[in-house]
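Next come the chains, spelled out residue by residue.
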Amino acid sequence: MSGVGNRKYLRCLIAACLISLAGAAVASEPNHASGMDDATAPGDDFYVYANGGWLRSTAIPLDHAEVGSMQAAVDDMDEKLRNLVNAASSAPPGSNAQKLHTYFRAFSDMPTRDRLGLSPVQSLLGEIAKAPDRSTLSSLMGHEQVDFTGSLFDIYIDVDHDDGHQYAAFLSQAGLLLPDRSYYLEPNFVSEREALRVYLVTLFEGIGTNDPRRVADDVMAFETRVASASWSDDMQVASNERHARATDLPALAPGIDWAAFFKAAGVGEGSRVVIGEPGAAKALSALFAKAPLPVLREWMTAHAMDRSAPFLDSRRIAAWQRFHGQALTGRSTPLPIWQLAIRAATGSQCVGAGGPSADCFGSLRWAAGDIYLAAYFPDGTRQQVQAMIDQLRAAFRHRIEHNDWMAPSTREQAIRKLDAYTVKLGGPSHAADLRAVTINQHDLSASARSVAASDWSQQLARLGERVDPKRWVEAPQSVDANNGTALDVEFPAGLLQPPVFDPARDAAYNFGAMGAFIGHEWTHGFDDEGRHIDADNRKRDWWTAKDNVQFLKRAKQLASQYDAFEPLPGEHVHGEQTLGEDIADLGGLSVALDAYHAFLHGQSAPVVDGLSGDQRVFLGWAWLWRGKKTREALQAQLANDVHAPFEVRVNGVVRNIDAWYEAFGVHVGQRLYLSPGQRVRIW
Ligand SMILES: [Zn+2]
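Residues numbered from 1 in each chain as written. Predicted model: local features only at pLDDT ≥ 70, side-chain atom pairs only at ≥ 80, totals over all residues. Heavy atoms only, no water.

1. Overview of the overall build of the chain
- In terms of helices and strands, the chain carries 28 helices and 9 strands.
- In summary, the chain has a C-alpha radius of gyration of 25 Å against a globular reference of 26 Å for 683 residues, a match within 12%.
- C-alpha extents for the chain along the principal axes are approximately 75 × 55 × 50 Å.
- Burial status across the chain gives 60% buried among its 683 residues.
- If you take every contact in the chain between residues at least 6 apart in sequence, the share linking residues at least 24 apart comes to 73%.
- For the chain, the accessible surface area stands at approximately 25,500 Å², while carbon and sulfur atoms represent 53% of it. (Helix = DSSP H or I, 4+ residues; strand = E, 2+ residues; numbered from the N terminus. Rg over C-alpha atoms; globule rule 2.2 N^0.38 Å. Buried < 20%, exposed > 50% of the residue type's maximum accessible area, 1.4 Å probe, protein only. Contact = heavy atoms within 4.5 Å. Areas by Shrake-Rupley, 256 points an atom, 1.4 Å probe, with all protein chains shown as cover.)

2. Some remarks on helix H22 (residues 507-524)
- Look at H22: 24 Å from first C-alpha to last across 18 residues, which is about the 26 Å you get at 1.5 Å a residue.
- If you look at H22, its biggest bend is around 35°, right at Gly 515.
- In terms of residue burial, H22 counts as a mostly covered element, since 17 of its 18 residues are buried. (Expected span 1.5 Å × (residues − 1). Bend = angle between axes of the 7 residues up to and from the residue.)

3. A look at the packing of aromatic side chains
- A full pass over the atoms with the stated rule returns 38 aromatic pairs.
- Taken together, a centroid distance of 6.4 Å and an interplanar angle of 80° make the contact between Trp 543 and Trp 683 edge-to-face. One end of the pair, Trp 543, is in the loop between H22 and helix H23 (545-563); the other, Trp 683, is in the segment after helix H28 (658-664), and 140 residues separate them in sequence. Side by side, Trp 543 and Trp 683 carry an identical accessibility label, which is buried.
- Members of the aromatic cluster, each reached through a chain of ring pairs, are Phe 46, Tyr 49, Phe 618, Trp 660, Tyr 661, Phe 664 and Tyr 673.
- Over the ring of Trp 543 we find Arg 531, and its NZ or CZ is 4.6 Å from the ring centre. (Phe/Tyr/Trp six-rings, centres within 6.5 Å; stacked < 30°, edge-to-face > 60°. Lys NZ or Arg CZ within 6 Å of the ring centre and 35° of its normal.)

4. A closer look at the nonpolar core
- Counting residues in hydrophobic clusters, the biggest one holds 200 residues, and the most contacted among them are Phe 46, Tyr 103, Phe 262, Phe 618 and Trp 683.
- Filtering out sequence-adjacent residues up to four positions away, Phe 262 remains in contact with Ile 155, Leu 171, Ala 246, Leu 249, Val 267 and Val 273. (Core = buried A, V, L, I, M, F, W, Y, C linked by side-chain atoms within 4.5 Å.)

5. Thoughts on the pattern of salt bridges
- What the rule picks out here adds up to 26 salt bridges.
- Among the salt bridges present, the one from Arg 197 reaches Asp 217, with a minimum N-O distance of 2.4 Å. You can see Arg 197 sitting in helix H10 (residues 190-206) and its partner Asp 217 sitting in helix H11 (residues 212-229), a full 20 residues away along the chain.
- Residue classification places Asp 217 among the partly exposed residues on the basis of a relative accessible area of 36%.
- Through salt bridges that share partners, Glu 194, Arg 197 and Asp 217 make up one connected network. (Salt bridge = Lys/Arg side-chain N within 4 Å of Asp/Glu carboxyl O.)

6. With respect to the side chain of Asn 403
- Locating Asn 403 in the fold gives a position in the loop between helix H19 (379-401) and helix H20 (408-420).
- Setting aside residues no more than four positions away along its own chain, Asn 403 makes contact with Arg 411, Ile 682 and Trp 683.

7. Concerning the environment of Pro 254
- The residue Pro 254 is located in the loop between helix H12 (249-252) and helix H13 (258-265) in this model.
- Between the C-alpha atoms of Pro 254 and Arg 316, which are 62 residues apart in sequence, the distance is 36 Å.

8. Here we look at the sheet that holds strand S6 (residues 422-426)
- With respect to topology, 3 strands assemble into an open sheet ordered S6-S8-S7, the strand pairing being mixed. The outermost strands of the open sheet, each flanked by one partner alone, are S6 and strand S7 (482-483).
- Judged from the 5 bridges that link them, S6 and strand S8 (residues 488-492) form a sheet pairing that is parallel. Each residue of the ladder has a partner; that of Thr 422, found in S8, is Asp 488.
- Against the sheet, H19 engages S6 and S8, with an angle of about 150° to S6.
- Running over the sheet, H22 touches S6, S7 and S8 and is turned about 155° from S8. (Pairing = 2+ DSSP bridges. Axes fitted to C-alpha atoms, helices over the stretch in contact; angles between N-to-C directions.)

9. Examining the coordination of the zinc ion
- Protein ligation of the zinc ion involves His 520 (NE2), His 524 (NE2), Glu 581 (OE) and Glu 581 (OE), the donor distances falling in the range 2.0 to 2.8 Å.
- Relative to the metal, the 4 donor atoms surrounding the zinc ion lie at angles of 51 to 132°, and the coordination shape comes out irregular.
- In the primary structure, the donors to the zinc ion are separated according to the pattern H-x3-H-x56-E. Here His 520 is found in helix H22, whereas its partner Glu 581 is found in helix H24 (residues 579-599), with 61 residues between them in sequence.
- For His 520, a relative accessible area of 4% corresponds to the buried category. (Donors = N, O, S within 2.8 Å, 3.2 Å for Na, K, Ca; no water. Tetrahedral: all angles 85-135°; square planar, octahedral: opposite > 155°, others 65-115°.)

10. So, the packing of H11 against helix H15 (residues 293-308)
- Viewed as axis vectors pointing N to C, H11 and H15 meet at an angle of 95°, and their least axial separation amounts to 9 Å. What the angle tells us is that H11 and H15 run roughly perpendicular. Contact residues: Arg 214, Val 215, Asp 218, Val 219, Phe 222 and Glu 223 in H11; Val 295, Leu 296, Glu 298, Trp 299, Ala 302 and His 303 in H15.
- The residue inventory of the contact of H11 with H15, partitioned by class, reads 7 nonpolar, 1 polar and 4 charged. (Parallel < 35°, antiparallel > 145°, perpendicular 65-115°, else oblique. Nonpolar A, V, L, I, M, F, W, Y, C, P; charged D, E, K, R; others polar.)

11. Focus on the sheet that holds strand S5 (residues 272-275)
- Strand order across the open sheet formed by 4 strands is S2-S3-S5-S4, with mixed pairing between neighbours. Taken across any chain shown, the strands that pair with only one partner, and hence form the sheet edges, are strand S2 (153-160) and strand S4 (242-245). Between one strand and the next, the sheet's axes are offset by a mean angle of 30°, whatever the strand orientation.
- Two strands pair when backbone bridges link them, and S2 and strand S3 (residues 166-173) are joined in this way by 8 bridges, in the antiparallel orientation. Bridge assignment links Tyr 156 to a residue of S3, and that residue is Phe 170.
- Those strands touched by helix H14 (residues 278-290) are S2, S3, S4 and S5, and its axis lies near 150° from that of S2.

12. Some points on the environment of Arg 331
- Note that Arg 331 resides in the loop between helix H16 (314-327) and helix H17 (337-346).
- Its relative accessible area of 8% is what places Arg 331 among the buried residues.
- Through-space distance from the C-alpha of Arg 331 to that of Glu 66 is 8.4 Å; in sequence the pair is 265 residues apart.
- Looking at Arg 331, its side chain comes within polar contact range of the main-chain oxygen of Gly 325, at 3.0 Å. (Polar contact = N/O pair within 3.5 Å; in protein donor to acceptor, adjacent residues only side chain to side chain.)

In structure tokens form, the structure reads like this:
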């Protein structure tokens, strides 16, 4: 996402200059402070007060869809990984580091890729074109985790909350080339739909299809039906899941040859299966049964071409970038090949457990993580962050103990749940297992398939195992944190760097950024979704009827506050869609503030940069989310991201915290002002 031209400026502004403060032993934040806007009252727009100068003076680089604090950390990570991967050129043959280096070189080797052209996917395209029936296509869908096929259902392995200690195969609705169902159904995505049509025509022309325009129209029409049959985001909640066995699927969602699908996926007949969107599963399967076979083959071909494009020749990679990297994000120019290669090799943008998405498929992210940990995660950082995590957990515990709307018995169970959490820091303690992986420097696609097959067989092996909360989901280089499904929270090494955490910074800023991040993850276990899981990791309603009423009242109030934010003209935040993250942000910053106060041990906070301790905690949060996005990226976020846009994550949270009013003298009549009775406190 980053270009050479603007890189230096960005790094200096956000990351490098903060690091340089370490040497000077000064706790102030001149770079952030100079980006403030003193002309805006904090009570009118806290986000602009904290960031207005920066917002005015910063343009989004042409090859970016976003610029800001977190984006700088992501760009910086790609640079660090590039250096590490290059340095692995002398690693011993057969070692993980050597495989990683070879994969990176294979991805970067465009002359070889151009020479191979379509040949790496020729046999797959042939299989699809000749598929005689729906059973064969069902079987191809079941291969989605290990090959470039498309599927109406993503399949992955995760924790079964009916049991809490066993894994199950999860099915979730898929089958769309655009990011979300709303892109097919809503009027504000006309240009994205047109971009898809152009992309499809290019893909079909590239494989010599007769009448590529007509075929592209067929695929668009089919995907529009898929979109209509799919569930919207607010229906996709754990409480709507259906727990079953693989053998139950033909009765629950007739139309797909499920036996063929599961056999291809390697999931045994007796396996536990969780259907994420049961109503959609039924409708999608019926659609699959009804659609003409030639249309299903065209649709499958489109997905095979789309998924394999990043691994094929220059022409296809360019088309893929124009659609995914530019039309859908608003980036003006494509990413340089080295950065695509780093992201493909190291999975630096892969979110979650991996799988078919372009950011995850075939990446050696655990091997890259081992190298990153060794280079960038010293014991000193581990100890400092561990101390902070302990302080945050204690602060959250204290807030639960003193919660005024929960029954004592529920509070007790909430604390039991908090205590049951496994906390992971940095990354896995064992090296990545790449024994089954073959990397061929002259055959990138085969290499990617080999990695994917190894990943998937390791996932499948879990089906018979007891849930291990120590197992990592996010790789160490992720610039993010995760509240997992195994009663676990993880803080990868990639998160524990500026702008989130900086050992040289004044503690108040670190509490406002890193502390709120940690608190955020804790409170996810108690948000609108997490609260349905008990201390034994089972889905169970452990709340009294009165607790439920109290929680829902507060959650609804918060959601309607967020509904009122309008980041783009006429396009509002969807408070229900972002609710879990909003509850976590509010809880996280509240917990962080408490933890900062406890950290002071009754001493008054020092004044730094002319700011009080509490002011710096709030500014730490507002500076963390300093950033801006293209219209397309913002639109995509509003449509399908569970996180609210930057300014909403700041303004939506602070106005509900009493201490913010005191810290900045916010009063009636200012735009963000809420009367004490309107302020929402959940955790
Ligand atoms: Zn979150």
